Amino acid sequence: MNHATLGSRLRRAWRHFWLDERDSRRAVPPAALQRLTAQVQASEARHRGQIRLCVEASLPVAAAWAGVTPRQRALECFGQLGVWDTEDNVGVLIYVLLADRAVEIVADRGLRPHVPEARWQTLAQGLGQAFAQDQVEAGLTTALDEVDRLLCAGFARAEGSPRSNELPDTPVLR
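Just so we're clear, the structure is a prediction, and the values are computed from it rather than from any experiment.

Quick word on the packing of aromatic side chains
Here's step 1: For the structure shown, the criterion picks out 3 aromatic pairs.
Here's step 2: Seen from their ring centres, tryptophan 14 and tryptophan 18 are 5.5 Å apart, and the 75° between their planes marks the pair as edge-to-face. Here tryptophan 18 and tryptophan 14 lie together in helix α1 (residues 3-18), a separation of 4 residues that amounts to about one turn.
Here's step 3: With relative accessibility at 53%, the residue tryptophan 14 sits in the exposed group.
Here's step 4: You can call tryptophan 18 exposed: its relative accessible area is 53%.
Here's step 5: With centroids separated by 5.2 Å and ring planes inclined at 85°, the aromatic side chains of phenylalanine 17 and tryptophan 18 adopt a geometry described as edge-to-face.
Here's step 6: Taken together, the ring pairs in this structure connect Trp14, Phe17 and Trp18 into an aromatic cluster.
Here's step 7: Here the basic side chain of arginine 9 rests over the ring of tryptophan 65, its NZ or CZ set 4.1 Å away from the ring centre.

Shown next as structure tokens:
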């Protein structure tokens, strides 16, 4: 292993060592958590999709040292949170890893024919820019608005049909 690689691994592990769930709660305080929960509820009333938000302060230090990427962790959370297991296979996870200042959006297989992967990546980049400016709630709000538009375009709920809430609406803070 060369010196530059060792140095970057050490810096990353150190960042992950110092952040914990309290940092996620500072990034998304209780009032923001309530607003984001209400936004997810209102969104899901308009379409058949399910949306989960997950803001994670850090990875376990061993995972950070081993090089687990934000994308790999987002895919793991996608499974852990059951986003993959919705009736219409149209779940979306918006994942934020504070220690790496990284954003990932994982969309279930039912969305692939309707929304190209590049669209999700563009949305994640915009959210990442908001975080870089310490506008976590504003970035999440904008991302939720865009996910809502995408889900309404392809999976609008028929008027009068009951809302089947398959997953919790409250963001996960870790």
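Description of the layout of surface pockets
Here's step 1: The volume enclosed by the largest pocket comes to roughly 180 Å³.
Here's step 2: Lining the largest pocket are Ala27, Val96, Leu98, Ala99, Arg101, Phe131, Asp134 and Val136.
Here's step 3: Of the residues that constitute the lining of the largest pocket, the class distribution is 6 nonpolar, no polar and 2 charged.

Here's the deal with the side chain of serine 24
Here's step 1: Looking at the element boundaries, serine 24 is found in helix α2 (residues 21-27).
Here's step 2: For serine 24, a relative accessible area of 0% gives the class buried.
Here's step 3: Among the polar contacts made by the side chain of serine 24, one reaches the main-chain carbonyl oxygen of arginine 174 at a distance of 2.6 Å.
Here's step 4: Setting aside anything within four residues of it in sequence, one finds serine 24 in contact with Val55, Glu56, Ala57, Leu98, Leu173 and Arg174.

Description of the pairing of strand β2 (residues 91-97)
Within a regular strand, the side chains alternate between the two sheet faces.
Here's step 1: Counted residue by residue, β2 has 7 buried out of 7 residues, so it is predominantly covered.
Here's step 2: Neither face of β2 is open: one carries Gly91, Leu93, Tyr95 and Leu97, the other Val92, Ile94 and Val96, and all of them are buried.
Here's step 3: Pairing between strand β1 (residues 50-56) and β2: 7 bridges, direction parallel. The residue bridging arginine 52 from the neighbouring strand is leucine 93, located in β2.
Here's step 4: Relative to strand β3 (residues 102-107), β2 runs antiparallel, the two sharing 6 bridges. Paired with valine 92 across the bridge in β3 is alanine 107.

Points about the nonpolar core
Here's step 1: Of all hydrophobic cores here, the largest spans 33 residues; its most connected members are Val28, Val92, Ile94, Leu111, Trp120, Leu140 and Val147.
Here's step 2: When residues of this core are traced back to their parent elements, those giving at least two are α3 (30-44), β1, β2, β3, α6 (117-132) and α7 (136-155).
Here's step 3: Per-element accounting of this core gives the leading share, 8 residues, to α7.
Here's step 4: Setting aside chain neighbours within four positions, we find valine 28 in contact with Leu33, Leu36, Val55, Val136, Leu140 and Leu173.
Here's step 5: Formed by 15 residues, the second largest nonpolar core is a distinct cluster that contains Leu81, Val106, Leu167 and Val172.

Rules behind the numbers
Residues numbered from 1 in each chain as written. Predicted model: local features only at pLDDT ≥ 70, side-chain atom pairs only at ≥ 80, totals over all residues. Heavy atoms only, no water. Phe/Tyr/Trp six-rings, centres within 6.5 Å; stacked < 30°, edge-to-face > 60°. Helix = DSSP H or I, 4+ residues; strand = E, 2+ residues; numbered from the N terminus. Buried < 20%, exposed > 50% of the residue type's maximum accessible area, 1.4 Å probe, protein only. Lys NZ or Arg CZ within 6 Å of the ring centre and 35° of its normal. 1 Å grid on protein atoms, 1.4 Å probe; cavity = no way out; pocket = protein on both sides within 12 Å on 5 of 7 lines; lining within 4 Å. Points joined across faces, edges and corners; volume = space filled by probe spheres on them. Nonpolar A, V, L, I, M, F, W, Y, C, P; charged D, E, K, R; others polar. Polar contact = N/O pair within 3.5 Å; in protein donor to acceptor, adjacent residues only side chain to side chain. Contact = heavy atoms within 4.5 Å. Pairing = 2+ DSSP bridges. Core = buried A, V, L, I, M, F, W, Y, C linked by side-chain atoms within 4.5 Å.

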